[in-house]
Each structure stands twice: as C-alpha cells, then as structure tokens.
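Listed below are the residues making up each chain.
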Amino acid sequence: MVLLGEAFTFEIGLNDMNAILRLGLNAIPTLTHLAPLSIFADGVDIAAKIAVMVEDVFVFLEKKPALEAFGGFSVFFYGIGVAVYAFEGIGMILPLESETKDKEKFGTILGIGMGAISILFGAFGALGYFAFGDETKDIITTNLGPGVISALVQLGLCINLFFTFPLMMNPVYEVFERRLCGSRYCLWLRWLVVLLVSLVALLVPNFADFLSLVGSSVCVILGFVLPAMFHCIVFKEELGWRCIVPDGAVVLFGIVIAISGTWSSLVEILAAKS
C-alpha cells in the first residue's frame, strides 16, 4: 500500500510538473523566444517519423498486406479532410513573416518548407498504409505494438507536441488579446485558452474523425478559400483574368472539399456514436 501510495503521489507530481511547464511555455510572449524550442521539437519529430517509416518498410516486406487503391468517394473526402488538417499551421504564416529578418526571401523559404513537409507527410502516410493495409489505426504508433522502438517514437512525438503547442497557439493568443485586451499581453487569458484546448483534447472520442472534421470545415477555408479570395481581391485589377481564373478554381475546389469532407466526417462521427 505504501508503494502504491508513493507511485500515485509521483504520478500526480509528474502531472503537476507537466501542467506547470506547459503554462510556463505558453506564457512566452514572442515567436523569437520560442524558435529554439521549435527547432529542437522538429528535430525530435523528424527522427521519430523516420523511425516509424523504416519500421513500416520492414513490416511491408514481411507481411505484404492486401491494399485497396480507391475506397469510394466517402473515404476519399474523409481522407482529404484529415490530410488538409496538416494546413493547421496556416495561421503561423503572417506572424512568421512579420518576425523574419529578410522578408524578400520568406516566400522562397516558405515554398521549400511546405514542399519538404508535404513529401514527408505523404511518405509517412503511404508507408503506414502499405505496411498495415486496412488494419492501419488512427494513430500509427498503435500498430507498432509494445517495444522499445514504439516507446521511443511515442516519447519523441509527445516531446514535439509539448514544445510546438505554444508556437502554434501564439496567433490564437494574439487574436484573443487584440479583441479582448486591446492588444496587450494577458497571461490569464492565455492560460484560460490552454485549459479550454486541453478539455477539448480530453473529450474528443475519436481522434481521426475530429481531425477530418476540423480539416474539412476550418483548415480548407483557411488554407485554400480565404487566401485565394484575398489574392483575387488585391490583384484582380492588375492581373485580370490571369488572377480571377486560377483563384476562382482554388476557391471552388476548397468549397467542394469543405462541404463534402465535413459531411463525410459528420457521418463517421454519428455512425461511431450509434
């Protein structure tokens, strides 16, 4: 009983320390101060993803499961919603540009970064499906089973999430502070937002369904529809039809994906509850 009590006390202490560190990191006011933590977290995340992909290759060579090239439009739009969730960082573009030293090179750096990330994420998802087929879980690390590699990968991903969370939330804090506090730094407001986001994460029943819903309903609008609309509004007089046609195509694509993806996600969520 004494050992159980000590273990319980130790676990509570770790949770309290985790909460204190999380609140402390989210109290950092500028992206510049968060940059070293972000670089460290991204390095850990890349190493974890490479470890998973290497393991996927070995599993595929051993099992070679049956694969399905196209699972229907419902699955396609659901998958698009999950994939577009990768554009959750779209809100970071303007804050990053504002703190960039050489703004003329920002577009090139952004393009290279987005291209590299797209290749990495695409390879990560494809190799996971090649390795496990229809048995691929929402969180791929659960497919790896128990073991040292699985534990290290999960630890790496947790470290990445822990240190990049305040970076991704920085634009959200700025919006809330601009609306509610006259653009003044507000510590209690930041901590309240952290609490609300933590409650949402705890109450979400199915992670993949939630990703697809958010990706289809929010990230598609932020990543495709609004940027194309703003670009067309600003440059339509200067570029004419060369601006209207491609921007209109992007807006139409975004609206179709948003409606169909949101519907597919809601169907999956309601089916899971029933």
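Because the structure is predicted, anything quoted here is derived from the model rather than measured.

Feature annotation in UniProt places "transmembrane region" (unreviewed entry) on residues 75-96, 108-132, 144-165, 185-204, 210-235 and 247-266, given in this structure's numbering. Between the end C-alpha atoms of residues 144-165 there is a gap of 25 Å, over a span that is 86% helix and 0% strand. With 100% helix and 0% strand, residues 247-266 has its two end C-alpha atoms placed 28 Å apart.

Applying the stated rule across the entire model yields two salt bridges. Put simply, Lys49 and Asp45 hold a salt bridge, and the shortest N to O gap is 2.9 Å. Taken as a pair, Lys49 and Asp45 lie in helix H2 (residues 31-63) at a separation of four residues, close to a single helical turn. As far as the burial class goes, Lys49 and Asp45 line up, both buried.

Within soluble globular proteins, side chains that are nonpolar generally end up buried alongside one another. Counting residues in hydrophobic clusters, the biggest one holds ten residues: Ala48, Val52, Met53, Val59, Phe124, Ala131, Phe132, Ile140, Leu144 and Val153. Secondary-structure elements contributing two or more residues to this core are H2 and helix H5 (106-132). In terms of residues, this core owes the most to one element, H2, which gives four residues. Those residues in contact with Val59 that sit more than four places away from it in its chain are Lys64, Ala131 and Phe132. Among the nonpolar cores identified, the runner-up in size contains eight residues, and Phe77, Ile80, Cys219 and Val220 belong to it.

The next point concerns the packing of helix H7 (residues 148-180) against helix H8 (residues 187-203). Running from N to C, H7 and H8 point in directions that differ by 125°, and their axes come no closer than 10 Å. Overall, the two elements H7 and H8 adopt an arrangement that is oblique. Where H7 crosses over H8, the handedness of that crossing is right-handed. Side by side, H7 and H8 meet where Phe165, Met169, Asn170, Val172, Tyr173, Phe176, Glu177 and Leu180 of the first sit next to Leu189, Arg190, Val193, Val194 and Val197 of the second.

Here we come to the packing of aromatic side chains. Under the criterion given, the structure shown has four aromatic pairs. Ring geometry for Phe162 against Phe163: centres 5.3 Å apart, planes inclined by 90°, an arrangement best described as edge-to-face. Here Phe162 and Phe163 have matching classes, each one buried. For the pair Phe224 and Phe253, a centre-to-centre distance of 5.6 Å together with 65° between the ring planes defines the contact as edge-to-face. Separated by 29 residues along the polypeptide, Phe224 in helix H9 (residues 207-239) and Phe253 in helix H10 (residues 241-273) bring together distant segments of the chain. Ring pairs connect the aromatic residues Phe40, Phe162 and Phe163, which therefore count as one cluster.

Thresholds applied
- Residues numbered from 1 in each chain as written.
- Predicted model: local features only at pLDDT ≥ 70, side-chain atom pairs only at ≥ 80, totals over all residues.
- Heavy atoms only, no water.
- UniProt positions renumbered as here; feature names shortened; annotations may be inferred.
- Helix = DSSP H or I, 4+ residues; strand = E, 2+ residues; numbered from the N terminus.
- Salt bridge = Lys/Arg side-chain N within 4 Å of Asp/Glu carboxyl O.
- Buried < 20%, exposed > 50% of the residue type's maximum accessible area, 1.4 Å probe, protein only.
- Core = buried A, V, L, I, M, F, W, Y, C linked by side-chain atoms within 4.5 Å.
- Contact = heavy atoms within 4.5 Å.
- Axes fitted to C-alpha atoms, helices over the stretch in contact; angles between N-to-C directions.
- Parallel < 35°, antiparallel > 145°, perpendicular 65-115°, else oblique.
- Left-handed = near helix turned anticlockwise from the far one by under 90°.
- Phe/Tyr/Trp six-rings, centres within 6.5 Å; stacked < 30°, edge-to-face > 60°.

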